[in-house]
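A closer look at the structure
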Amino acid sequence: MREVFHQSLEDIQSRLVEITDLVTVAIDKATRAFAKSDVAMAEEVIADDARIDELTVSLDELAIEVLARQQPVARDLRIVVFALRVSASLERMGDMAEHIAQLARLRFPERAIPKGLKGTFKKMGERDVEISRTLSELLRTQDLRLADEIRNADDDVDELHARVFEKVLSDNWKGEPTATVDATLASRYHERFADHAVAVAKKVVYLATGDWAVAEEDIAIAAEAHEAAARRAGLV
């Protein structure tokens, strides 16, 4: 029975990685579709979001079943609670990618990115893809240094997000109302995508340390403390 239980815990963790990998594909395709007005790629992202939703529901059902049947405690309980909370963030990240793709489809055959913001959105998309890839690796390895990398990358996305608003609110902005709406929405979706990744990273810190209250700016400290403890225990 215990062997089946631990196999279920491993299955839960591997499913989280699988979902994150799909989210990474989604945000990569969505940003490229948005930049190039590639409606076919945008349609792929929109259609594939159903798979992310399906997997998150399946994961939640498995986690609830483990809670009901096995009544886990200590770290095992943390894994199950962690999975339930992380799956919601991953599902929302998939939604953000889908929303970006929907903007690309809506404006086709025109480009959704307004003039003067192409470079900013290119950087923002690249950072979100990088964040998602790092998140996959974090969930695979639980290396808390990666959690700090995600937090730092989120700061970059926040700065780019602020630049978009400064641009569209400036006196020099000549964009049409639709361009203004597209720019603000797309920027917000990118910013929220990164925010959800940070939320997941903080939950990985919880899984490793048992502390829900680690602030974003303290993730690096938590990573160092966790690594030092692992060295003392002879785990690294």
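Provided above is the structure to which this section pertains.
The structure contained in this document is the topic of the report that follows. (Residues numbered from 1 in each chain as written. Predicted model: local features only at pLDDT ≥ 70, side-chain atom pairs only at ≥ 80, totals over all residues. Heavy atoms only, no water.)

**Points about the overall build of the protein chain**
The following threshold applies: Helix and strand definitions here come from DSSP, where helices need a minimum of 4 consecutive H or I residues and strands a minimum of 2 consecutive E residues; each element is numbered from the N-terminal end. Working definition: with a 1.4 Å probe on protein chains only, accessible area under 20% of the residue-type maximum means buried, over 50% means exposed, and in between means partly exposed. Areas reported here follow the Shrake-Rupley algorithm with a probe of radius 1.4 Å; residue values treat only the protein chains shown as occluding.
Looking only at helices and strands, the protein chain has seven helices and zero strands in total. Going from N to C terminus, the protein chain has its helices and strands arranged as α-α-α-α-α-α-α. Every one of the 236 residues in the protein chain was classed for burial, and the buried ones make up 47%. Roughly 11800 Å² of accessible area belongs to the protein chain as shown, and the carbon and sulfur atoms make up 51% of that amount.

**Observations concerning the pattern of salt bridges**
The cut-off we apply is this: By definition here, a salt bridge exists when the distance from a side-chain nitrogen of Lys or Arg to a carboxyl oxygen of Asp or Glu is within 4 Å.
For the coordinates displayed, the defined rule picks out 18 salt bridges. Here glutamate 44 and lysine 29 are joined by a salt bridge, their closest N and O atoms 2.8 Å apart. One end of the pair, glutamate 44, is in helix 2 (residues 39-70); the other, lysine 29, is in helix 1 (residues 2-36), with 15 residues separating them in the sequence. Here arginine 163 ties to glutamate 159 by a salt bridge, and the two come within 3.2 Å at their closest N and O atoms. Of this pair, arginine 163 and glutamate 159 are both found in helix 5 (residues 144-169), four residues apart, which corresponds to roughly one turn of the helix.

**A closer look at the side chain of glutamine 142**
The test is simple: Polar contacts, as used here, are pairs of N or O atoms within 3.5 Å; protein pairs need one atom able to donate a hydrogen and one able to accept it. Residues neighboring in sequence count only if both atoms are side-chain atoms. When checking whether two residues touch, look at their non-hydrogen atoms; a contact exists if any pair is within 4.5 Å.
Here glutamine 142 is to be found in the loop between helix 4 (118-141) and helix 5. Here the side chain of glutamine 142 touches arginine 75 through a polar contact of 3.2 Å, side chain to side chain. Those residues in contact with glutamine 142, other than ones at most four positions away along the chain, are Gln13, Arg75, Glu137, Val204 and Leu207.

**Remarks on the nonpolar core**
The condition that has to hold: Grouping buried Ala, Val, Leu, Ile, Met, Phe, Trp, Tyr and Cys residues that are joined through side-chain atoms within 4.5 Å yields what is termed a nonpolar core.
One finds Ile12, Phe34 and Leu135 to be the most contacted residues of the largest nonpolar core, which totals 70 residues. Sequence-distant contacts of phenylalanine 34, defined by excluding residues within four places in its chain, comprise Ile100, Leu103, Ala104, Ala112, Ile113, Phe121 and Ala186.

**Section: the packing of aromatic side chains**
Defined as follows: Only Phe, Tyr and Trp rings are paired, with Trp represented by its six-membered ring, and only when their centres lie within 6.5 Å; those with planes under 30 degrees apart are stacked, over 60 edge-to-face, the remainder tilted. Charge-over-ring placement is defined geometrically: NZ (Lys) or CZ (Arg) within 6 Å of the ring centre, and within 35 degrees of the ring normal.
With the rule as written, the count across this model stands at one aromatic pair. A ring pair is formed by phenylalanine 34 and phenylalanine 121, whose centres lie 5.5 Å apart and whose planes are at 65°; its orientation type is edge-to-face. Of this pair, phenylalanine 34 sits in helix 1 while phenylalanine 121 sits in helix 4, and the two are 87 residues apart along the sequence. Residue placement shows arginine 78 over the ring face of tyrosine 206; its charged tip is 5.9 Å from the ring centre.

**Focus: helix 2**
Worth spelling out the cut-off: By this rule, a helix spans an expected 1.5 Å times one less than how many residues it contains.
With 32 residues, helix 2 should reach 46 Å at 1.5 Å per residue; the first-to-last C-alpha distance of 47 Å fits that figure. Turning to helix 2, its buried residues are Met41, Ala42, Val45, Ile46, Asp49, Ile52, Leu55, Thr56, Leu59, Leu62, Ala63 and Val66. The N-capping residue of helix 2, defined by a side-chain oxygen 3.2 Å from the backbone nitrogen of alanine 40, is aspartate 38.

**Let's talk about unusual backbone geometry**
Most peptide bonds adopt trans geometry, and most residues besides glycine take a negative phi value. Omega for the peptide link from phenylalanine 108 to proline 109 comes to 10°, which places this bond in the cis form. For proline 109, the location among the structural elements is in the loop between helix 3 (74-107) and helix 4. Despite not being glycine, glutamine 71 has its phi angle at roughly 45°, a positive value. Following the sequence through the fold, glutamine 71 ends up in the loop between helix 2 and helix 3. By relative accessible area, glutamine 71 is classed as exposed at 62%.

**Notes on the environment of methionine 93**
Relative to the elements of secondary structure, methionine 93 occurs in helix 3. Separated by 104 residues in the primary sequence, methionine 93 and alanine 197 have C-alpha atoms spaced 7.7 Å apart. Those residues within four positions of methionine 93 in sequence are excluded, and the remaining contacts are Val23, Ser132, Leu135, Phe193, His196 and Ala197.

**Some words on the packing of helix 3 against helix 6 (residues 177-209)**
Counted only if it meets this: In this analysis an axis means a line fitted to C-alpha atoms, helices contributing only their contacting stretch, and an angle means the value between N-to-C directions, from 0 to 180 degrees. Just so you know how the angles are binned, under 35 degrees is roughly parallel, over 145 roughly antiparallel, 65 to 115 roughly perpendicular, and the rest oblique. If you view the pair so one helix is near and one far, a crossing is left-handed when the near helix is turned anticlockwise from the far one by less than a right angle, and right-handed when it is turned clockwise.
For the pair helix 3 and helix 6, interaxial distance at closest approach is 9 Å and the crossing angle is 165°. As summarised for this structure, helix 3 and helix 6 are arranged roughly antiparallel, according to the angle between their axes. Crossing geometry of helix 3 relative to helix 6 is assigned as left-handed.

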